[in-house]
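# Summary of structural features
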Amino acid sequence: MLNISDKQYVQRAMKWFVFSLIILIISFILSSIFSPSLDTFKNMGDQIPSSLDKATGLNKVWEFIINNGFRVSLQMLILSLILIPFLYCVNLISTNTITGIMFGFVINFDFHKGLIIIVSSIPHIIVEILAMCFVVSSLYKLNQAIVRKISNFFRKEKKQKYSVKQALIQLIKTYLFIALPLYIIAAFLETYFTEWIYNILI
């Protein structure tokens, strides 16, 4: 069904996934050691859209899908059109950094409850990060194709071309059949499963 010509996209997504987890863990360790202030934690909380913060049930699921599955992915796509390699990874890196800092804060604030929050949050965070990594993997090829196409205008000896059209088709397929379903699963996990685990462990 996918029939994606770039056979390395899964391997590339897994490398980004490992890289993302490393960033999250490092951020968590540093945050645990240096203990961020309450103001820092509140400032990160203020970045959550008010519509998402107030939503419940299926409305909350929908808001998560809209925010993570559409808004964030669109931001990443726009950044990939800029001729700066890996600029589209900013959302992925910032998400993992902020998550690690928040985990470090809750552990410092209340170790027992903080540990429960982390454990209950892990399932949806893993799925959400994985979705972002698949998007990044496809955006890598799109950005590479755009950069190569434009840079060849200024070269006497042309380098091998990558098809922008093919890269865009690959991105759409990956997004619709892999990333978006993962974002939807993450939204349900975050809305229902996270709270269920938290209530069991508290």
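### Considerations on the nonpolar core
Core analysis: the biggest nonpolar cluster contains 38 residues, and M76, L92, I129, V135, V136 and L139 have the highest contact counts within it. Elements with a contribution of two residues or more to this core: α1 (9-34), α4 (57-80), α5 (90-109), α6 (111-151) and α7 (164-201). Among the elements that line this core, the one with the most residues is α6, at 14 residues. Leaving out residues up to four positions away in the same chain, I129 has contacts with F17, S20, L21, L24, L92 and N96.

### Some words on the confidence of the model for the protein
The share of residues in the protein with pLDDT of 70 or more is 84%, and the mean pLDDT across the chain is 87. Of all helices and strands in the protein, the one with the weakest mean pLDDT is helix α2 (residues 38-45) (61), whereas α1 scores best (94).

### Concerning a nonpolar patch on the surface
Residues V18, I22, I25, I26, I29, L30, I33 and F34 make up a contiguous nonpolar surface patch of about 790 Å² in total accessible area. Tracing the backbone shows L30 in helix α1. The partly exposed category is assigned to L30, whose relative accessible area is 43%.

### Some details on the packing of α4 against α7
Where α4 contacts α7, the axes come no closer than 9 Å and their chain directions differ by 145 degrees. Between α4 and α7 the crossing geometry is right-handed. From α4, G57, L58, K60, V61, F64, I65, N68, G69, F70, S73 and L77 reach across to α7, where they touch L171, Y175, L180, Y183, I184, A187, F188, E190, T191 and Y192. Its residues placed into classes, the contact of α4 with α7 shows 14 nonpolar, five polar and two charged.

Conventions we followed
Residues numbered from 1 in each chain as written. Predicted model: local features only at pLDDT ≥ 70, side-chain atom pairs only at ≥ 80, totals over all residues. Heavy atoms only, no water. Core = buried A, V, L, I, M, F, W, Y, C linked by side-chain atoms within 4.5 Å. Buried < 20%, exposed > 50% of the residue type's maximum accessible area, 1.4 Å probe, protein only. Helix = DSSP H or I, 4+ residues; strand = E, 2+ residues; numbered from the N terminus. Contact = heavy atoms within 4.5 Å. pLDDT = per-residue confidence, 0-100. Patch = residues over 30% accessible without salt bridge, like charges linked within 9 Å, V, L, I, M, F, W, Y side chains within 5 Å. Areas by Shrake-Rupley, 256 points an atom, 1.4 Å probe, with all protein chains shown as cover. Salt bridge = Lys/Arg side-chain N within 4 Å of Asp/Glu carboxyl O. Axes fitted to C-alpha atoms, helices over the stretch in contact; angles between N-to-C directions. Left-handed = near helix turned anticlockwise from the far one by under 90°. Nonpolar A, V, L, I, M, F, W, Y, C, P; charged D, E, K, R; others polar.

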